[in-house]
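# Observations on the three-dimensional arrangement
In case you want the letters, here they are:
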Amino acid sequence: MAENKPILAALQIEDHQLRFVVGQFFNDVLYIIFRQTVAVNGFDGSGIYDEKILVEAIKKVKASVETELKSSLEAVLLCVPAYRFKKEKRSFEILLSDNKVRYEDVREIIQSAYNTKVGNDLEIINAICNSYRTNGINYPKIPLNEKSEMLSAEVDLLCGDKAAVYDLVRIVEKAGLRVLNIYQDGYAAAYEAALFEQSFNNYVVNIHLEGNHTVYTLIYNGRIISGFSEAIGYDQLINPLIKRYGLSYKDGSRLLFRYGIIGEKTAEERIINRWNENNQIKTITYKDIQESIYDECCKMIDGFYTYCSKIIAGGTVMTFITGQGANLQNLQECLTSKFNSPVKCYCPDTLGCREPRWTSLLGILSIYKDNMPLNSKNAECIDLGAYKDNLFPQQEEQQESNFTGKLKNFTDRIFVEKD
């Protein structure tokens, strides 16, 4: 069961929020077993400013999982924000010891890629083998068991800020969990949205929009051509609401996503919320929200256009919005009009996680599953033995109870009828 039906756990640490998912694959279909979000501060997208509160929040999630699944949570896949995202390209070549291509040879190439020096302040988050070459032939996939003496590979290195990555891994381990692997959020979102498959002979732009950062990725022919990140996100729309009405981040975020419409300057004066403050009745209307966020909406849309306009002007380009920001109302229509090109806000269709905020977590579960042959050790994230012991005996006891109960009811009816 461990090989065919891996149970994996994924954790994403974002500004003001932890996101956690446990899923199991069956016949290549992902079934969600558990999911949870926890509102928490302590991380601003580039660094940790309150380690204690983050560790306690992760422990809280861990306890919830163990209570729900009746099994210990031991390890997670960690999704990290693409702070100071940089993409490097390298070529590697090795001699084949058995004169044929094996998974061990590809593992050796990937390990060499992770050992590459990319700068003192950068860390390689993901090493992606995009093509292989042996016997003078190029292969998009691993030429497994192909007889040869040499194997070369083109590898893309996705890098991020070393200090931020190390800090996030450290607090997860401090909360009592091992980190099986780490993944960049923009890459994971593009993988989940199948943007690599849609990029053959076609340029695809992915704008991964989160609260405090945005990742821009250009994809062509199944590989990342270039990318970068900006330390600004949809929080720039929430901040005016917080400042104007003295709201908490949670309340400002709820108002933005529930009532805000991107690109609209005004709206009806229908009251949304009313409260008493210092013996004064205060209200918020649809019009108030639009007037508060409109200027920042224009800046955000103009920023997207500035970064993407040259690519879009060069020909047919598909643009996708992923991340929590894809849930903003009218963003798709507003960008389509601004770009004069199709734009789509991606929402996952996996049952249990049909919201844009889960996109990256679903992506890293699929990446890990698809690369299991290359993993030196396919460790389970939860204690699978305990999970099975708590799951199946209950079903057997219930079946036995149902059978004996039915038999007893049947005999009781016979004797009642005889009486």
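Because the structure is predicted, anything quoted here is derived from the model rather than measured.

## Quick notes on the overall build of the chain
Of regular secondary structure, the chain possesses 10 helices and 16 strands. In terms of overall dimensions, the chain has C-alpha extents of about 80 × 75 × 40 Å along its principal axes. Within the chain, residue pairs in contact and separated by at least 24 positions form 66% of the contacts whose partners lie at least 6 positions apart. Of the accessible surface of the chain, which amounts to about 21000 Å², a share of 47% is contributed by carbon and sulfur atoms. Taken as two groups, the 48 positive and 55 negative side-chain charges of the chain have centres that lie 2 Å from each other.

## Describing the pattern of salt bridges
By the definition in use, this model includes 25 salt bridges. One salt bridge in this structure joins Asp121 and Arg84, with 2.7 Å as the shortest N-O distance. Here the residue Asp121 occupies a position in the loop between helix H2 (103-114) and strand S6 (122-134), and Arg84 occupies one in the loop between strand S4 (75-80) and strand S5 (86-95), the gap between them amounting to 37 residues. What makes Asp121 partly exposed here is its relative accessible area of 40%. Where Lys287 meets Glu269, a salt bridge forms, and the shortest distance between an N and an O atom there is 3.4 Å. Here Lys287 is found in helix H7 (residues 286-313), whereas its partner Glu269 is found in the loop between helix H6 (249-259) and strand S13 (271-277), with 18 residues between them in sequence. Among the ionic contacts, a cluster of salt bridges with common partners joins Glu51, Asp167, Arg170 and Lys174.

## A short note on the side chain of Thr322
Inspection of the secondary structure assignment puts Thr322 in strand S15 (residues 317-322). Among the polar contacts made by the side chain of Thr322, one reaches the side chain of Asn206 at a distance of 3.2 Å. Excluding anything up to four places from it in sequence, Thr322 contacts Ala189, Asn206, Ile207, His208, Leu209 and Tyr346.

## What about the state of the cysteines?
Overall, the coordinates contain zero disulfides when judged by the stated rule. The structure places no disulfide on Cys129, whose sulfur is separated from the nearest cysteine sulfur, that of Cys159, by 14 Å. Just so you know, Cys353 is unpaired, no disulfide at all, and the nearest cysteine sulfur is the one on Cys347, 10 Å from it.

## Comments concerning the packing of aromatic side chains
Applying the stated criterion across every chain yields a total of 11 aromatic pairs. Their ring planes at 85° and their centres at 5.1 Å tell us that Tyr234 and Phe257 sit as a pair that is edge-to-face. On the criterion of sequence distance, the pair formed by Tyr234 in the loop between strand S12 (223-230) and helix H5 (235-245) and Phe257 in helix H6 is long-range, its members being 23 residues apart. Cluster of aromatic residues (ring-pair linked, three or more members): Tyr216, Phe228, Phe304 and Tyr307. A cation over a ring is seen here: Lys338 above Tyr305, with NZ or CZ 5.2 Å from the ring centre.

## Some points on the sheet that holds S5
Pairing is antiparallel across the open sheet formed by four strands, whose spatial order is S5-S8-S6-S7. Both edges of this open sheet fall to S5 and strand S7 (137-139), since each of them pairs with a single strand only. When strand polarity is set aside, the average angle formed by the axes of neighbouring strands in this sheet is 30°. In the sheet, S5 pairs with strand S8 (residues 150-161) via 10 bridges, with the strands oriented antiparallel. Among the inter-strand pairings, Phe92 is bridged to a residue of S8, identified as Ala153. In the packing of H2 onto the sheet, contacts are made with S5, S6 and S8, and the angle to S6 comes to roughly 140°.

Calculation notes
Residues numbered from 1 in each chain as written. Predicted model: local features only at pLDDT ≥ 70, side-chain atom pairs only at ≥ 80, totals over all residues. Heavy atoms only, no water. Helix = DSSP H or I, 4+ residues; strand = E, 2+ residues; numbered from the N terminus. Contact = heavy atoms within 4.5 Å. Areas by Shrake-Rupley, 256 points an atom, 1.4 Å probe, with all protein chains shown as cover. Lys, Arg positive; Asp, Glu negative; His and termini not counted. Charge placed at Lys NZ, Arg CZ, Asp CG, Glu CD. Salt bridge = Lys/Arg side-chain N within 4 Å of Asp/Glu carboxyl O. Buried < 20%, exposed > 50% of the residue type's maximum accessible area, 1.4 Å probe, protein only. Polar contact = N/O pair within 3.5 Å; in protein donor to acceptor, adjacent residues only side chain to side chain. Disulfide = S-S within 2.5 Å. Phe/Tyr/Trp six-rings, centres within 6.5 Å; stacked < 30°, edge-to-face > 60°. Lys NZ or Arg CZ within 6 Å of the ring centre and 35° of its normal. Pairing = 2+ DSSP bridges. Axes fitted to C-alpha atoms, helices over the stretch in contact; angles between N-to-C directions.

Purely geometric numbers; function is a separate question.
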